[in-house]
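An overview of the molecular structure
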Amino acid sequence: MLHGSEERPPRSLRYVEEAFAQIQKKKNIRDILILNDRGHPIKSTMDQDASVEFAGLFQALRGRLERGMKKIDAKDELVLMRVRTKSHEVLLTPDSKITIIVVQNAFDNFEKKIVGIDRHK
């Protein structure tokens, strides 16, 4: 440990298991991925290779977003990142010790509600 660096105890396995179980109970959940403070998958519904790849892609996106947000307000911090497509939604929620990424199916008319028209007609 470097001199002067802050030491943070990791989240307990119990905490991770409870968070994972609570998320699994929700409707329309497709995948869950929990990362440690270094961005490595520690619990996932995906296989190991997919977990590592997905974690890397979203950690890169998170890093870019955080750098961009610092240009707007240097004191602000990322609390939730939400990415929506026509059929899925990805939620990324970081804290100082773990990051939770959830992929859920989007079975609503979000696009129609926002735009007010059906662009596909």
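Residue positions are given per chain, counted from 1 along the sequence in the order it is written. Thresholds applied to this predicted model are a pLDDT of at least 70 for local features of residues and 80 or more for the giving and counting of side-chain atom pairs; totals over whole chains, interfaces and linings are not thresholded and use all residues. Side-chain measures here rest on the full set of heavy atoms in the structure, leaving out hydrogens and waters.

1. Quick word on the pattern of salt bridges
- Take a side-chain nitrogen of Lys or Arg and a carboxyl oxygen of Asp or Glu: if they are within 4 Å of each other, that pair is a salt bridge. One pass over the structure, following the stated rule, counts five salt bridges.
- One salt bridge connects Arg14 with Glu18, and the closest N-O pair in it is separated by 2.9 Å. Placement of the pair is Arg14 and Glu18 together in helix 1 (residues 13–24), with a separation of four residues, close to one helical turn.
- Since its relative accessible area comes to 63%, Arg14 is described here as exposed.
- With a shortest N-O distance of 3.3 Å, Arg62 and Glu66 are connected by a salt bridge. A residue pair is termed a helical-turn pair when its members lie 3 or 4 positions apart in one helix, as Arg62 and Glu66 do in helix 2 (residues 48–72) at four residues.
- Remark: exposure states derive from per-residue accessible area (1.4 Å probe, protein chains only) relative to the maximum for the residue type, with buried under 20%, exposed over 50%, and partly exposed in between. With relative accessibility at 14%, the residue Arg62 sits in the buried group.
- The partly exposed category is assigned to Glu66, whose relative accessible area is 29%. Secondary structure elements follow DSSP: runs of H or I no shorter than four residues count as helices, runs of E no shorter than two count as strands, and numbering proceeds from the N terminus.

2. Notes on the sheet that holds strand 3 (residues 81–84)
- Any two strands between which DSSP finds at least two bridges are classified as paired. Taken in spatial order, the five strands of this open sheet run 2-1-5-4-3, and their pairing is antiparallel. A single partner strand is all that each edge strand has here, and the edge strands are strand 2 (41–44) and strand 3. The sheet shows a mean angle of 15° between the axes of neighbouring strands, taken without regard to direction.
- Sheet analysis places strand 1 (residues 29–35) next to strand 5 (residues 99–105), joined by six bridges and oriented antiparallel. Of the residues in strand 5, the one forming a bridge with Ile29 is Gln104.
- Whether two residues are in contact is decided by their heavy atoms, any of which lying within 4.5 Å being enough. Lines fitted to C-alpha atoms define the axes, with helix axes restricted to the stretch in contact, and inter-axis angles between N-to-C directions lie between 0 and 180 degrees. Sheet strands in contact with helix 1 are strand 1, strand 2 and strand 5, and its direction is about 165° off that of strand 1.

3. A few points about helix 1
- Given a rise of 1.5 Å per residue, twelve residues ought to cover 16 Å, and the 16 Å separating the end C-alpha atoms of helix 1 matches this to within 8%.
- Among the residues making up helix 1, those that are buried are Val16, Ala19, Phe20 and Ile23. Projected down its long axis, helix 1 shows its buried positions confined to an angular sector of 100°, all on one face. Of the exposed residues in helix 1, those oriented more than 90 degrees away from the buried face are Arg14 and Gln22.
- Packed against the buried residues of helix 1 are strand 1, strand 2 and strand 5. An expected span of 1.5 Å times one less than the residue number is assigned to each helix. Here, the arc refers to the directions that run from the helix axis to the C-beta atoms.

4. Regarding the packing of aromatic side chains
- Only Phe, Tyr and Trp rings are paired, with Trp represented by its six-membered ring, and only when their centres lie within 6.5 Å; those with planes under 30 degrees apart are stacked, over 60 edge-to-face, the remainder tilted. Applying the stated criterion across every chain yields a total of one aromatic pair.
- Taking 4.8 Å as the distance between ring centres and 35° as the angle between the ring planes, the aromatic pair formed by Phe54 and Phe58 counts as tilted. Separated by four residues within a single helix, Phe54 and Phe58 lie in helix 2, roughly one turn from each other. Taken individually, Phe54 and Phe58 each receive the classification buried, so the pair is uniform in this respect.

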